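Residue-level structural notes
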Amino acid sequence: MLSEVLSKETCAECRFCCSFRRCSLWETPLFPEDECEKLSSDNEYGVISDFNMNKSEDVEYYTHEGKCVMNGQTYGQMKLSGKYKTDDSQEEASCDYLSPEKGCILSDEDKPFDCKIWPLRIMKKGERLVIAHTPTCPALGKEPNEKLIALVKNGLGKSIFDYAILHPFIVKEYKEGFPVIMECGKE
């Protein structure tokens, strides 16, 4: 989705977004229930993942079309706890689908939405949905650049909001320090 701003080669070399510190597990990608079922059994990738299954709460927020109330959905989050070797909160564990040779081995179809939109995040700030920039992306830095802002405001933002409305489990609570690029309803 973001190939206009980040090349696949840059991302494949960096792989920062594919490793998760113990203190930042909230950033671990969330998978729809059907995808968890596929990836937790014998599959084309030769990797069998274990997921923590959760039911999202009913959510209420404002969208570009007014107030929206969504019923919860079942989703999974990859279990990484067994991959950590110490109790250090800064220790990192990588995604099951990160190959040292190839980078991410998931097809675009199977890749979680969180990964497709990195370094963007869909978050709930107050009663509004916002698209925020992840300030830890080494390739783009702490602040979103003009190209990224234009990409979000010229169509990508609406696509992200539309997906979030259909899949509310991907909406994360807003974290201080994440620059907001766009607020739903204020395109």
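Residues numbered from 1 in each chain as written. Predicted model: local features only at pLDDT ≥ 70, side-chain atom pairs only at ≥ 80, totals over all residues. Heavy atoms only, no water.

1. Details of the sheet that holds strand β6 (residues 74-78)
- Pairing is antiparallel across the open sheet formed by three strands, whose spatial order is β2-β6-β3. The open sheet has two edge strands with one neighbour each: β2 (30-32) and β3 (51-55). Neighbour-to-neighbour, the strand axes of this sheet turn through a mean angle of 35 degrees, independent of strand direction.
- Bridging between β3 and β6 involves five bridges; their strand directions are antiparallel. By the bridge assignment for β6, N52 is matched with Q77. (Pairing = 2+ DSSP bridges. Helix = DSSP H or I, 4+ residues; strand = E, 2+ residues; numbered from the N terminus. Axes fitted to C-alpha atoms, helices over the stretch in contact; angles between N-to-C directions.)

2. Some remarks on the packing of aromatic side chains
- What the rule picks out here adds up to five aromatic pairs.
- Considering the side-chain rings of Y45 and Y97, the 5.9 Å spacing of their centres and the 75 degrees angle between planes classify their relative orientation as edge-to-face. Highlighted residues: Y45 in the loop between α2 (33-39) and β3 and Y97 in the loop between β7 (92-94) and β8 (98-99), separated in sequence by 52 residues.
- For Y45, a relative accessible area of 14% translates into the label buried.
- The ring of Y174 carries K125 above its face, with NZ or CZ at 4.5 Å from the centroid.
- Above the ring of W26, the side-chain terminus of K175 is found at 4.8 Å from the ring centroid. (Phe/Tyr/Trp six-rings, centres within 6.5 Å; stacked < 30°, edge-to-face > 60°. Buried < 20%, exposed > 50% of the residue type's maximum accessible area, 1.4 Å probe, protein only. Lys NZ or Arg CZ within 6 Å of the ring centre and 35° of its normal.)

3. Some details on the nonpolar core
- If you look at the biggest cluster of nonpolar residues, it comprises 28 residues, and the most contacted ones within it are L120, I122, L129, I131, L148 and I160.
- Secondary-structure elements contributing two or more residues to this core are α3 (113-117), β10 (120-125), β11 (128-133), α4 (146-166) and β13 (180-183).
- Discounting residues that sit within four places of it in the chain, L120 has contacts with L2, I131, A132, H133, T134, L148, V152, L156, I160 and I181.
- V47, F51, L80 and A93 belong to the second largest nonpolar core, which has 16 residues in total. (Core = buried A, V, L, I, M, F, W, Y, C linked by side-chain atoms within 4.5 Å. Contact = heavy atoms within 4.5 Å.)

4. Topic: the confidence of the model for the protein chain
- Of all residues in the protein chain, 91% have pLDDT values of 70 or greater, and the mean over the chain is 86.
- Within the protein chain, strand β5 (residues 66-70) has the poorest average pLDDT of any element, 60, and β13 the best, 95. (pLDDT = per-residue confidence, 0-100.)

5. A word on unusual backbone geometry
- A cis amide bond links W118 to the next residue, P119, at an omega of 10 degrees.
- Positionally, P119 belongs in the loop between α3 and β10.

6. A look at the environment of I105
- Counting through the fold element by element, I105 comes out in the loop between β9 (103-104) and α3.
- Classification of I105 by relative accessible area gives partly exposed; the value is 27%.
- Sequence separation of I105 and Y45 is 60 residues, and the distance between their C-alpha atoms is 7.3 Å.
- Every residue in contact with I105, bar those within four places of it in the chain, is listed here: Y45, V47, Y97 and S99.

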